[in-house]
Amino acid sequence: MSLTQSNYTQAPPAPPNVMVIFGPNGDLTKRKLIPALFHLSNAGLLPDSFAVLGVGRRDMDDASFRDLMAEHIREHVGAAFDQSVWERLVERIHYMKIDISEGADYERLRVRLGELDTQHGTEGNYLFYTAIPPSLFTRVTGYLGAAGLLQETENDWRRVVVEKPFGQDLESAAALNRELHRTMDEGQIYRIDHYLGKETVQNILVFRFANGFIEPLWNRHHIDHVQLTVAESVGVEHRGAYYEEAGALRDMIQNHLLVLLGFIAMEPPNSFESSAMRDEVNKVLDAVEPLSPEDVLTHAVRGQYGEGNLPGGEKVRAYRASPGVDPQSPIETFAALKLTMDNWRWAGVPFYLRTGKRLAAQCTEIAIQFKKAPTVIFKNTDVERIDPNMLVLRIQPAEGIHMSFGAKVPGQSMGVGTVNMDFCYEDHFGNKPATGYETLIYDCMNGDATLYKHTDTVEKGWEIVQSVMDVWTALPPRDFPNYAAGTWGPATADNLLKNDGRRWRKIKSSG
Ligand SMILES: NC(=O)c1ccc[n+]([C@@H]2O[C@H](COP(=O)([O-])OP(=O)(O)OC[C@H]3O[C@@H](n4cnc5c(N)ncnc54)[C@H](OP(=O)(O)O)[C@@H]3O)[C@@H](O)[C@H]2O)c1
């Protein structure tokens, strides 16, 4: 499974296959998928019997598609570019023009894949990647199914990577699942969340389960609360039209933050097998206490950025002034939730989740605040207060682990200061250039779905946020914009913790 494979050099190449990319001229393919294949090839993780088939509506042939990919690869791979690796990969890249909405074209696709099997020895194993707008996902899988291209045999496999967003709400996600299941088994569906391809997310599991001293502390007896932050300093840029349909709750909380929550709060699985891991994540989401409409008013906060200055001083426009955005838009660019769990390990421990655009830093982290130590032995000393210990798992930037603890201040009097211990993965293990998609693509080729989302995980995630979406839709915001770009979000987000006698961890602004 992925954990042992995180050291690329020790893992074997994936089995023979053709990766079929729908949407080969899109942003995702150029910026992430082809560079990820380059990194995998560079690490010796692609088999010799491998091909890529870009399937698009533009009039192109193999040569012009290869030229186009060659234009982008240097830009997105940077200093890691190696001409010999690229030459090995590029000769396996092909293109085919089809009309996605035309059933007969999938018959041609079947024939073309048969030819590639003969040419590259790919043995009839196909990984279909849907780098296309979500409205086209099931049209494509429906036609693939009708053409027999999702039919597996004992000797070959057929898998489909389904991009995000996976539905717009609980109902549409459930409908999408039903539609996918009409043509495939659950085991063939790989619902991607690229956050899970990041090394540190997997490192959470290793940190928790490979260190004997952590697990006994990982519960309501010792942990006061947990803060999960996914902060972006960027605005919506050119994706205003997309964001108007999404918002922070759908775009980030339903996706990334709830999965991070699953990994932080899960029970130790029996093994690192995909089904064991997913079961434990699903149990966490099951245990999250549903928010009633009244709870939403006190446990959920939304915000939208107005104009402001970034920490570096640059003045930036308001969300409502972005291209593609309604000047009266009610869409939230910030969301924070307080969630609790009804289970033995976490009863009474709040999990505070926050995410937003145009915040004061670009940063993803999980901060675990431990309960305060009793101060009784310091009662006749100069010590006035003792800060609680905090453990921070940083996912970006500078992936690492940071721990704060109390230490005696040198001198004759008794003073306790808070000191920090920092571990940075890059300092210790070096940095491997990666897009975040390498592990996920490699795992899919190997049939390992551990880091992909199961039907239940997606639907449980939607169930949690649906009650918030319902209330927010029924009660349009009256105070938007309610935070200035370059700050940490609306004041109401601070109150979410202040009301419980807590505060958000201070994260350094990035200028
Ligand atoms: N970009 C990212 O970083 C990112 C991150 C997470 C998830 N995603 C998801 O990945 C998918 C692709 O995103 P993207 O950013 O690459 O989008 P994009 O840049 O708009 O590219 C979309 C691709 O789909 C093709 N396409 C669109 N409508 C089509 C149609 N009717 N028939 C045939 N082909 C059609 C486009 O073809 P033409 O080039 O011919 O128009 C293009 O190749 C989306 O589901 C998105 O939500 C993207």
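Visitor: Go over the sheet that holds strand β7 (residues 223-231), please, and point to the residues and values.
Guide: Spatially, β8-β12-β13-β7-β14-β15-β16-β17 is the arrangement adopted by the eight strands of the open sheet, whose pairing is mixed. Each end of this open sheet is capped by a strand with a single partner; those strands are β8 (300-303) and β17 (416-424). Taken pair by pair, the neighbouring strands of this sheet meet at an average axis angle of 15°, ignoring direction. Two strands pair when backbone bridges link them, and strand β15 (residues 390-396) and strand β16 (residues 400-408) are joined in this way by five bridges, in the antiparallel orientation. By the bridge assignment, L393 is partnered in β16 with I401. In the packing of helix α15 (residues 455-474) onto the sheet, contacts are made with β8 and β12 (334-339), and the angle to β8 comes to roughly 60°.

Visitor: A description of the environment of E91 should follow, citing residues and the corresponding values.
Guide: Turning to its location among the elements, E91 is positioned in the loop between α4 (83-90) and β3 (93-97). Residues E91 and D382, 291 residues apart in the sequence, show an inter-C-alpha distance of 72 Å. Dropping the residues within four chain positions of it, E91 is found in contact with R66 and H120.

Visitor: Go over the layout of surface pockets with me, naming the residues and quoting the values.
Guide: Looking at the largest pocket, its volume works out to about 1,600 Å³. For the largest pocket, the lining is made up of 48 residues, of which D27, L28, R31, R239 and Y437 are closest to its centre. Those elements that provide at least two residues to the lining of the largest pocket are α2 (27-42), β2 (50-56), α6 (137-146), α9 (240-244) and α10 (248-265). Its residues assigned to classes, the lining of the largest pocket comprises 20 nonpolar, 13 polar and 15 charged. Looking at the lining of the largest pocket, you find at least three residues from each of domain 1 (2-163) and domain 2 (197-498).

Visitor: Please provide a residue-by-residue account of the sheet that holds strand β4 (residues 126-130), values included.
Guide: The strand order across the open sheet built from six strands is β3-β2-β1-β4-β5-β6, with neighbouring strands paired in parallel fashion. Because the sheet does not close on itself, it has two edges, and the strands there are β3 and β6 (189-191). If you compare each strand with its neighbour and ignore which way they point, the axes differ by 20° on average. Seen against the sheet, α2 touches β1 (17-22), β2, β3 and β4 and runs at an angle of roughly 170° to β1.

Visitor: Let's hear about the site of the ligand: which residues, and what values?
Guide: By nearness alone, 20 residues border the ligand, and D27, L28, R58, I132 and K164 come closest of all. Contact between the ligand and R58: an oxygen atom at 2.7 Å from a side-chain N or O atom of the residue. Contact distances for the ligand include 2.8 Å between an oxygen atom and a backbone N or O atom of I132. For the ligand, whose unbound accessible area comes to 890 Å², protein coverage reaches 75%. For the ligand, the cavity whose grid points lie within 2 Å of the majority of its atoms is the largest pocket. No other element matches the three residues that α2 contributes to the shell around the ligand. In terms of residue class, the shell around the ligand is made up of 11 nonpolar, three polar and six charged.

What counts, and where the lines are drawn
- Residues numbered from 1 in each chain as written.
- Predicted model: local features only at pLDDT ≥ 70, side-chain atom pairs only at ≥ 80, totals over all residues.
- Heavy atoms only, no water.
- Pairing = 2+ DSSP bridges.
- Helix = DSSP H or I, 4+ residues; strand = E, 2+ residues; numbered from the N terminus.
- Axes fitted to C-alpha atoms, helices over the stretch in contact; angles between N-to-C directions.
- Contact = heavy atoms within 4.5 Å.
- 1 Å grid on protein atoms, 1.4 Å probe; cavity = no way out; pocket = protein on both sides within 12 Å on 5 of 7 lines; lining within 4 Å.
- Points joined across faces, edges and corners; volume = space filled by probe spheres on them.
- Nonpolar A, V, L, I, M, F, W, Y, C, P; charged D, E, K, R; others polar.
- Domains from an automatic or database assignment.
- Near = heavy atom within 4 Å.
- Polar contact = N/O pair within 3.5 Å; in protein donor to acceptor, adjacent residues only side chain to side chain.
- Areas by Shrake-Rupley, 256 points an atom, 1.4 Å probe, with all protein chains shown as cover.
- Sits in = over half its atoms within 2 Å of the grid points.

Bear in mind that shape data such as this cannot, by itself, settle questions of function.
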